[in-house]
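# Coordinates in review
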Amino acid sequence: MLARKASFRLFTQRGFTLVELLVSIGIMVIILGITLSGGPQAIMKLTLSDNTYQSELMIREAQLQGSAINSLDNLYGGVGVYFNLATSSQVLKFRDLVVPNVDRPIGIGDGLYESAPIEEKDSVFKLSTNHRIGKLCVATGVAAFVCNDEVNPPIKTLTISFNRPKQTAHIYTNDTSSTDFTSACIQFDSLRSPLPGYVRSVLVYRSGMVTKRLGTCK
């Protein structure tokens with residue numbers, strides 16, 4: 001009886017053997033390696049998705065505010081969002097100053113962002129590190145998108161503006177309203193772009209529809 005108790009006590013007090021310990025450490029190292037190798041890429045994708053969402057939200061805010069902005073004080077006549085490849089790490093929202101016109105019952109702006117003589121900037125959203133605006137694209141009618149240097153003159157800036165009382169979008173390039181395009185696409189790139197999952201796009205249509213796309217503009 002005493003021998004059985006001593007044997008049971010020795011069994012219950014036995015710890016890991018060296019082999020079991022090495023196997024356990026090996027398994028933990030493998031799991032840690034898999035986690036670390038996939039972690040940064042997952043974070044990059046999530047951050048890119050958030051940047052795209054925030055930019056889409058800024059356009060929707062401009063649409064809501066621009067179509068209902070109070071022009072009774074004859075100061076602001078619309079709201080817009082401005083994209084500039086020279087400052088590709090940020091998205092700017094502006095409040096469009098009224099352009100005086102005695103023939104209009106309400107004051108509206110010219111639909112373009114201007115920093116002088118009066119700064120129209122309302123807010124700026126800065127993209128996360130290592131993310132940027134890669135392409136600015138526009139289309140007319142049912143034609144395919146043309147982006148950046150695919151057109152002459154090259155597309156350097158893109159303005160999407162809204163003024164009351166409609167929620168339709170005005171889409172201009174290169175700081176001029178000479179052409180009001182029917183649709184636009186803003187492409188957001190990460191360091192691993194254009195690999196699948198590492199590039200996203202926001203599409204805006206003259207009708208006022210705003211949507212996102214997983215992938216490039218084209």
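Residues numbered from 1 in each chain as written. Predicted model: local features only at pLDDT ≥ 70, side-chain atom pairs only at ≥ 80, totals over all residues. Heavy atoms only, no water.

Time to look at the sheet that holds strand S8 (residues 183-189). Reading across from one edge, S5-S4-S8-S9-S10 is the order of the 5 strands in this open sheet, with antiparallel pairing throughout. Lying at the two open borders of the sheet, with one neighbouring strand each, are strand S5 (146-147) and strand S10 (210-214). (Pairing = 2+ DSSP bridges. Helix = DSSP H or I, 4+ residues; strand = E, 2+ residues; numbered from the N terminus.)

The next point concerns the state of the cysteines. Scanning the entire structure with this criterion turns up 2 disulfides. Here Cys137 pairs with Cys147 through a disulfide, and the sulfurs are 2.0 Å apart. Sign of the S-S torsion, about 105° for the bond between Cys137 and Cys147, identifies this disulfide as right-handed. Placement of Cys137 in strand S4 (residues 132-139) and of Cys147 in strand S5 is noted, with a sequence separation of 10 residues between them. As far as the burial class goes, Cys137 and Cys147 line up, both buried. With its sulfur 2.0 Å from that of its partner, Cys185 forms a disulfide with Cys217. Negative torsions about the S-S bond denote left-handed disulfides, and the value of about -90° found for Cys185 with Cys217 makes this one left-handed. You can see Cys185 sitting in strand S8 and its partner Cys217 sitting in the segment after S10, a full 32 residues away along the chain. A relative accessible area of 3% means that Cys217 is categorised as buried. For the protein, the bonded cysteines connect in the pattern 1-2, 3-4 when numbered consecutively along the sequence. (Disulfide = S-S within 2.5 Å. Buried < 20%, exposed > 50% of the residue type's maximum accessible area, 1.4 Å probe, protein only.)

Here the focus is the packing of aromatic side chains. Counted by the stated rule, this structure contains 2 aromatic pairs. The interplanar angle of 45° and the centroid separation of 4.9 Å between the aromatic rings of Tyr82 and Tyr113 together place this pair among those described as tilted. Taken together, the positions of Tyr82 in strand S1 (residues 76-84) and Tyr113 in the loop between strand S2 (90-97) and strand S3 (121-126) put the pair 31 residues apart, joining distant regions of the chain. This pair shows no difference in class: Tyr82 is buried, exactly as Tyr113 is. Aromatic side chains Phe94 and Tyr113 sit 5.7 Å apart centroid to centroid with 50° between the ring planes, which places their arrangement in the tilted category. (Phe/Tyr/Trp six-rings, centres within 6.5 Å; stacked < 30°, edge-to-face > 60°.)

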